[in-house]
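So the chains spell out like this:
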Amino acid sequence: MNRTVTVIGGANVDIGGRSAAALALHDSNPGFVTVRYGGVGRNIAHDLCLLGERVRLITAIGGDGFGVQLRESCLRLGMDLSHALILPEERSSSYLYVTDGNGDMLVGISDMDIVRRLTPAVLESALEAINDSDAVVVDANLEEETLAWIAAHCRVPLYADPVSAAKAKRLLPLLGRLRGLKPNLLEAAALTGETEPEAALDKLIACGVERVFLSLGSCGIRAAEGEERVALPCEPLPVVNTNGAGDAALAALVWADRRGRDLTACTRAALHAGAVTSACEETNHPELAKQMESFL
């Protein structure tokens, strides 16, 4: 329990716009604009830090002002960036998104070309550290070649976030190696060809995933492990900002699984972390550890 969780994935500057009222397309909308640090991998790493884990983040960061800020924010949280790829001549990854007045995302645009630089050759130098971890988390912002290399060389429990339906298929080489996977229904369909939740769960388990946590949005999570099935509803908390909720859920299920919790307990932890994060203005709930005390 004292060793590190290694997260390999994207780190962005997130620029978010939230409409103050119903969004009018093709027009200027009064609202609020925020600039925060994000990226699926970085968000998961951030939440794991908040939960008290020792975290190593392997990502790619440019040498621009955004990159300097990203590095400083990660270091302040206590992340180990010793194996991060710093590229002084390149721009850092950024993500632009717009939400409606309820905080639900309507559209997003990602500029993540720099993440492609996390190649197998780059990760080779970090392999000893990766395999000295207690767990490894990857996101599907990584190239399929890189993910396949991780699947072939990682010897510790491996968890994955599909990121989006468009990128989910990059995880196909990993399915037989995964301890945990947290897709939504669109991502699960991209991986399996199945559009019904139970059929998608069955197929992912048949592909070798040990634990699947299928997010069904407002309908909660259906989870599977072997023949066991769990279906739990969302917690009735107000939704302020859904950005980062799924990342918090994955961080929480890794955190709970590392403590030997069963499928139901891990599902409850994931739902609670996602709910409290959705009820917070921030992408990462600053008091996540306090919110999760009842799950210790």
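Residues numbered from 1 in each chain as written. Predicted model: local features only at pLDDT ≥ 70, side-chain atom pairs only at ≥ 80, totals over all residues. Heavy atoms only, no water.

*Asks:* Which residues make up the sheet that holds strand E2 (residues 12-19), and what values go with them?
*Replies:* Strand order in the open sheet made by the 4 strands is E3-E2-E7-E8, with mixed pairing throughout. With one partner strand each, in any of the chains shown, strand E3 (31-38) and strand E8 (105-111) form the two edges of the open sheet. Across this sheet, the average inter-strand angle for adjacent strands is 15 degrees, counted without regard to direction. With 8 bridges joining them, E2 and E3 adopt antiparallel strand pairing. Residue Asp 14 lies in a different strand from E3, and its bridge partner there is Arg 36. (Pairing = 2+ DSSP bridges. Helix = DSSP H or I, 4+ residues; strand = E, 2+ residues; numbered from the N terminus. Axes fitted to C-alpha atoms, helices over the stretch in contact; angles between N-to-C directions.)

*Asks:* Tell me about helix H5 (residues 144-153), residues and numbers included.
*Replies:* Every buried residue of H5 is accounted for by Thr 146, Leu 147, Trp 149, Ile 150 and Ala 151. Those residues of H5 that are buried are in contact with strand E1 (5-8), helix H3 (120-124), helix H4 (127-131), strand E9 (135-139) and strand E10 (158-161). (Buried < 20%, exposed > 50% of the residue type's maximum accessible area, 1.4 Å probe, protein only. Contact = heavy atoms within 4.5 Å.)

*Asks:* Tell me about the side chain of Asn 284, and name the residues and values.
*Replies:* Position of Asn 284 relative to the elements: it lies in the loop between helix H10 (263-278) and helix H11 (288-291). Given a relative accessible area of 8%, Asn 284 falls into the buried group. Those residues within four positions of Asn 284 in sequence are excluded, and the remaining contacts are Tyr 37, Arg 42, Asn 43, His 46, Asp 47 and Leu 50.

*Asks:* Describe the packing of aromatic side chains, listing the residues and the values that go with them.
*Replies:* According to the stated counting rule, one finds 1 aromatic pair in the structure shown. Seen from their ring centres, Tyr 95 and Tyr 97 are 5.8 Å apart, and the 25 degrees between their planes marks the pair as stacked. The exposure class of Tyr 97 is buried, given its relative accessible area of 5%. (Phe/Tyr/Trp six-rings, centres within 6.5 Å; stacked < 30°, edge-to-face > 60°.)

*Asks:* Residues and numbers for the pattern of salt bridges, please.
*Replies:* Applying the stated rule across the entire model yields 18 salt bridges. For Arg 170, the salt bridge is made with Glu 143, and the minimal N-O distance between the two is 3.9 Å. On the criterion of sequence distance, the pair formed by Arg 170 in the loop between helix H6 (165-168) and strand E11 (178-181) and Glu 143 in the loop between E9 and H5 is long-range, its members being 27 residues apart. (Salt bridge = Lys/Arg side-chain N within 4 Å of Asp/Glu carboxyl O.)

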